[in-house]
Amino acid sequence: MEISANYILAIETSCDETSAAVVSFDRQIRSNVVLSQDLIHAPFGGVVPELASRQHLKTILPVVEEALRRSELKLQDIAAFAVTQGPGLIGSLLVGVCFAKALAYYYHRPLIGIDHLQAHIESVFLSHRDIPFPSLALIVSGGHTSLFYLPERLKYRLLGRTRDDAAGEALDKVAKFLGLGYPGGPIIERLAEGGFARAFAFAIPRMKDNSLDFSFSGLKTAALKLIKDEEITASHAQLKDFLASFESAIVESLLFNLSQALSIYKAEAILLCGGVARNRRLRSCFLELGKEKGVKAYLPLPEYCTDNAAMVGALAAEIIRLNKPIASPLDLDAYARFKPD
Ligand code: KG4
Ligand code: ZN
């Protein structure tokens, strides 16, 4: 393979995946290694923050080495480093940030701090180059449910976010309650296949103040109550219907806000991303909404929906291409919640 200096080594450790990728300045992905911690957190039915940070400490070096090996490059060939700064679990983020800082300092290379939500949005641009603006981006994951207005490339305006649980978190908690396993989203998707989505009624939450914020704790509590009242278990005859109804309520609630936003903001396109964007019911309803509203609808490839460093590297490449300011590596810090101004 031809070696040029224009490569970025990107690192992502915001939650429970240790990931490293090598991405060229022209956004070609040379490698993208994702090491999941699912087996470690599965017995607890959710991510245990301290276990996640300790596991990142163990795996960050082999994951970075594997990403370099697959890209057929060496650290000396890397022109810039990129790392997820936040939001996420602070202990997990700090592992990636410290590791990347040390590399950038030692090799005298720039270090680009990346916002995790913006990186998820970037995953859509990995497979679609000509997305028109303005557009609306819906991020649906285990830790976040947020809606952004994108007036142009690399500009993000938050329109709404969850006031309680994230959509993926609600799926994970219901699966945990039923003892189905972790992460719950893909398990619910598999078990709900072929189920009758109108079998159980769920009230879709509406914000009283007309805001575009989301709320999933009500749907989750309603699901837990139904499980108790109807004595639904993992072997219940109507499990499939129950899960299909719950999954469908989550999808409806997510797309209701997106549809509201489309009636307020003039947008040419809608984008969907984050771990829950792997869900086939959500993907097909999202594409239908695009058709119905006459806007283009864009999705990432399923492998780039869940946390990965390729989207981090691709966003860093775009930041370099557009000559955005890059701070000194030693000034870079992690943030648990929102990007500081
Ligand atoms: O983006 P992600 O990897 O991590 C966060 O930034 O949170 O998303 C993980 C979430 C989990 O809640 C998981 O249950 C959900 O994405 N998820 C799915 C599917 N695959 C992953 N939810 C529904 N259907 C899926 N196929
Ligand atoms: Zn994520």
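Residues numbered from 1 in each chain as written. Chains lettered and ligands numbered in written order. Predicted model: local features only at pLDDT ≥ 70, side-chain atom pairs only at ≥ 80, totals over all residues. Heavy atoms only, no water.

**Some details on the overall build of the protein chain**
The cut-off we apply is this: Numbered from the N terminus, helices here are DSSP runs of H or I no shorter than four residues, and strands are runs of E no shorter than two. Buried, partly exposed and exposed residues are distinguished by accessible area as a fraction of the type maximum, computed with a 1.4 Å probe on protein chains only: under 20%, between the cut-offs, and over 50%, respectively. A contact between two residues is defined here by any heavy atoms of the two lying within 4.5 Å. Residues scored as charged are limited to Lys and Arg (positive) and Asp and Glu (negative), so that His and the chain ends carry no count. Where a charge sits is defined by one atom per residue type, namely NZ (Lys), CZ (Arg), CG (Asp) or CD (Glu).
The number of helices and strands found in the protein chain is 10 helices and 10 strands. Expressed along its principal axes, the backbone C-alpha trace of the protein chain runs to roughly 60 × 45 × 35 Å. When each of the 341 residues of the protein chain is scored for burial, the buried share is 55%. Across the protein chain, every contact between residues at least 6 apart in sequence was considered, and the portion connecting residues at least 24 apart equals 74%. The distance from the centre of the 37 positive side-chain charges to the centre of the 38 negative ones in the protein chain is 2 Å.

**Focus: the pairing of strand β2 (residues 17–24)**
Spelled out, the test is: A strand pair is defined by DSSP finding two or more bridges across the two strands.
β2 sits mainly inside the fold: eight of its eight residues count as buried. A loop of four residues connects strand β1 (residues 7–12) with β2, the two strands running antiparallel in sequence. Looking at chain direction, β2 and strand β3 (residues 29–36) are connected through seven bridges and run antiparallel. Bridging across to β3, A20 finds its partner in V33. Linkage of β2 to β3, two consecutive antiparallel strands, is achieved through a turn of four residues, within which R27 is found at a positive phi near 70°.

**As for the coordination of the zinc ion (ligand 2)**
Worth spelling out the cut-off: Nitrogen, oxygen and sulfur within 2.8 Å of a metal are treated as its donors, or within 3.2 Å for sodium, potassium and calcium (Na, K, Ca); water is not counted, so a site can appear incomplete. Geometry is assigned from the angles between donors: four donors with all angles from 85 to 135 degrees make a tetrahedral site, four or six donors whose opposite pairs exceed 155 degrees while the rest stay between 65 and 115 make square planar or octahedral sites respectively, and everything else is labelled irregular.
Taken together, the protein ligands of the zinc ion (ligand 2) are H116 (NE2), H120 (NE2) and D307 (OD), with distances of 2.1 Å. Given four donor atoms and angles of 93 to 141° at the metal, the environment of the zinc ion (ligand 2) is assigned as irregular. In the primary sequence, the donor residues of the zinc ion (ligand 2) line up as H-x3-H-x186-D. Remark: D307 occurs in the loop between β10 (296–298) and α10 (310–321) and H116 occurs in helix α4 (residues 116–127); sequence separation between them is 191 residues.

**Side note on the site of ligand 1**
Here is the rule: One heavy atom within 4 Å of a molecule or strand is enough for the residue carrying it to be called near that molecule or strand. N or O atoms within 3.5 Å of each other form a polar contact, as long as, within protein, one can give a hydrogen and the other can take it, and as long as residues adjacent in sequence are counted only when both atoms are side-chain atoms. Where accessible areas are quoted, they stem from the Shrake-Rupley method and a 1.4 Å probe; at the residue level, only the protein chains shown are allowed to cover. Residue ranges for the domains originate in an automatic or database domain assignment.
Taken together, 20 residues surround ligand 1, and among them G142, G143, D172, G185 and E189 come closest. At 3.3 Å from an oxygen atom of ligand 1 is found a side-chain nitrogen or oxygen belonging to H120. S141 is positioned with one of its side-chain polar atoms (N or O) 3.2 Å from an oxygen atom of ligand 1. Taking 560 Å² as the accessible area of ligand 1 by itself, protein coverage stands at 92%. Only α4, α5 (167–177) and α6 (184–192) provide two or more residues apiece to the shell around ligand 1. Domain assignment of the residues forming the shell around ligand 1 places at least three in each of domain 1 (7–120 + 305–331) and domain 2 (131–299).

**Notes on the packing of α5 against helix α7 (residues 217–229)**
Definition in use: Fitted lines through C-alpha atoms serve as axes, helices being fitted only where they are in contact, and the angles separating the N-to-C directions of these axes extend from 0 to 180 degrees. Our angle categories are set so that under 35 degrees counts as roughly parallel, over 145 as roughly antiparallel, 65 to 115 as roughly perpendicular, and the remainder as oblique. Two helices crossing with the near one rotated counterclockwise from the far one by less than a right angle form a left-handed crossing, whereas a clockwise rotation gives a right-handed crossing. Note that Gly is not counted as nonpolar here; it falls among the polar residues with everything else outside the nonpolar set of Ala, Val, Leu, Ile, Met, Phe, Trp, Tyr, Cys and Pro and the charged set of Asp, Glu, Lys and Arg.
Where α5 meets α7, the closest approach of the two axes is 10 Å, and the angle between their N-to-C directions is 15°. Taken together, the axes of α5 and α7 are roughly parallel relative to one another. Read as a crossing pair, α5 and α7 show a hand that is right-handed. Contacts between α5 and α7 pair A170, K173, V174 and F177 from the former with K220, A223, L224, I227 and K228 from the latter. Its residues assigned to classes, the contact of α5 with α7 shows six nonpolar, no polar and three charged.

**Here's the deal with the pattern of salt bridges**
This is how it is decided: When a carboxyl oxygen of Asp or Glu lies within 4 Å of a side-chain nitrogen of Lys or Arg, that pair is called a salt bridge.
Here the structure, examined in full by the defined rule, presents 19 salt bridges. One salt bridge connects E66 with R69, and the closest N-O pair in it is separated by 2.8 Å. Note that E66 and R69 are positioned in helix α2 (residues 49–71) at a spacing of three residues, about one turn of the helix. One salt bridge in this structure joins E318 and R321, with 2.6 Å as the shortest N-O distance.

**Overview of the domain arrangement of the protein chain**
To keep it simple, the criterion reads: Computed with a 1.4 Å rolling probe, the buried area is the accessible surface lost when two parts are put together, summed over both parts.
If you check the domain split of the protein chain, you get domain 1 (7–120 + 305–331) and domain 2 (131–299). On a C-alpha basis, the centres of domain 1 and domain 2 stand 27 Å from each other. Taken residue by residue, the interface counts 21 residues in domain 1 and 16 residues in domain 2. In total, domain 1 and domain 2 occlude about 1,600 Å² of area from one another, counting both sides; carbon and sulfur atoms represent 67% of this. Three residues, L117, H120 and C305, lead the burial of domain 1 against domain 2; their summed loss comes to 35% of the area buried on that side. There are one salt bridge connecting domain 1 and domain 2. A salt bridge links R153 to E318; its shortest N-O distance comes to 3.3 Å. The interface formed by domain 1 and domain 2 includes five residue pairs in polar contact (both at pLDDT 80 or more). Going through the elements one at a time, α1 (38–41), α4 and α10 are the ones with two or more residues in the side of domain 1 that touches domain 2. Among the elements that make up the side of domain 1 that touches domain 2, the one with the highest residue count is α4 (four residues). Within the side of domain 1 that touches domain 2, the residues separate by chemical class into nine nonpolar, seven polar and five charged.

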